[in-house]
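The chain contents come next:
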Amino acid sequence: MEIYPDCRVITKSIEVGGLTKWQLIKKLQEHSISMNPYGEKLLSNDKFITSETKYSLKTVELAVRNLGFPDGATMPQLIKQANKLGLELCPLEVGPYLRLEYLDQAEGDSGNSLQQNQAPSGSITIASEIVSDDDNFPKGFYLRKIDGVLWLRGYLADDLHSWNPDDQFIFSKSEKMNRRGDKNDGITKNNREKHRRSHST
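This one's a predicted model, so the numbers in the text were calculated from it and none came from an experiment.

When its secondary structure is counted, the protein shows four helices and ten strands. In the protein, the order of α-helices and β-strands from amino to carboxyl end is β-α-β-α-β-β-α-α-β-β-β-β-β-β. The buried share of the protein, taken over its 201 residues, is 49%. For the protein, long-range pairs separated by at least 24 residues make up 79% of all intrachain contacts whose partners lie at least 6 apart in sequence. Total accessible area computed for the protein in this model is approximately 10400 Å², and 44% of it derives from carbon and sulfur atoms.

Turning our eyes to something else, we now look at the nonpolar core. L98, F141 and L143 are the most contacted members of the largest nonpolar core, which has 26 residues in total. Mapped by element, the contributors of at least two residues to this core are β1 (10-16), α1 (21-30), α2 (37-44), α4 (94-101), β5 (124-126), β6 (140-146) and β7 (149-155). Here this core gets four residues from one element, more than from any other, and that element is α4.

Right, let's talk about unusual backbone geometry for a bit. A cis amide bond links Y4 to the next residue, P5, at an omega of 5 degrees. With a phi close to 55 degrees, S32 is a non-glycine residue in the positive phi region. Turning to its location among the elements, S32 is positioned in the loop between α1 and β2 (34-35).

Moving on, we get to the pattern of salt bridges. Following the criterion strictly, the structure yields two salt bridges and no others. Here E15 ties to K54 by a salt bridge, and the two come within 3.6 Å at their closest N and O atoms. With E15 in strand β1 and K54 in the loop between α2 and β3 (55-63), this pair connects stretches of sequence that are 39 residues apart. For E15, a relative accessible area of 49% puts it in the partly exposed group. Of the residues examined, K54 reaches a relative accessible area of 57% and is grouped as exposed. Taking the shortest distance from any N to any O, the salt bridge between D166 and R65 comes out at 2.9 Å. Of the two residues, D166 sits in the loop between β8 (162-163) and β9 (168-177) while R65 sits in the loop between β3 and β4 (73-74), which places them 101 residues apart along the sequence. Given the relative accessible area of 52%, D166 is considered exposed. Residue classification places R65 among the partly exposed residues on the basis of a relative accessible area of 28%.

Reading guide: rules and limits
- Residues numbered from 1 in each chain as written.
- Predicted model: local features only at pLDDT ≥ 70, side-chain atom pairs only at ≥ 80, totals over all residues.
- Heavy atoms only, no water.
- Helix = DSSP H or I, 4+ residues; strand = E, 2+ residues; numbered from the N terminus.
- Buried < 20%, exposed > 50% of the residue type's maximum accessible area, 1.4 Å probe, protein only.
- Contact = heavy atoms within 4.5 Å.
- Areas by Shrake-Rupley, 256 points an atom, 1.4 Å probe, with all protein chains shown as cover.
- Core = buried A, V, L, I, M, F, W, Y, C linked by side-chain atoms within 4.5 Å.
- Salt bridge = Lys/Arg side-chain N within 4 Å of Asp/Glu carboxyl O.

No statement about biological role is implied by the geometric values presented.
Here you go:
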């Protein structure tokens, strides 16, 4: 089993920030991005905060099994292991920017998931900071493409859900510069996570 960083991943360097929430929503609309009710609720809530200044972020997309879980794992387990491997949770505001970055996302299965409360086929979940402990408040975004339509969707979750080994996640990887200009990987502290998957069609 190939484990990060000795595995196949998709890395991207994206520019985040510099837009107000409403400017960001307008940009999503300009690119015909669709959203489900959970995604709209998360984006419109006061807890979704945008950065006034632009910053660069390196993201890493990989499967649950590439974090060392061939049989799947809960979100707290994924976050703990990711931190050990030098990966971090993404800021919540990264979701819309990643949607705009992944305009060439592969098509997913338009049918329902084979099992209830499982990540849909072709979806990519963004591992992001949790802003509310309320189980009825969306815990983050995921990206999906269905019948040619790009989606930015939100989901509900708690820490009992076991993610499948082939489920795809996006984490961030910071590159901090020291005085000599060398890059050092930074690892941020872990947030409390509560995840069981629930989707709104």
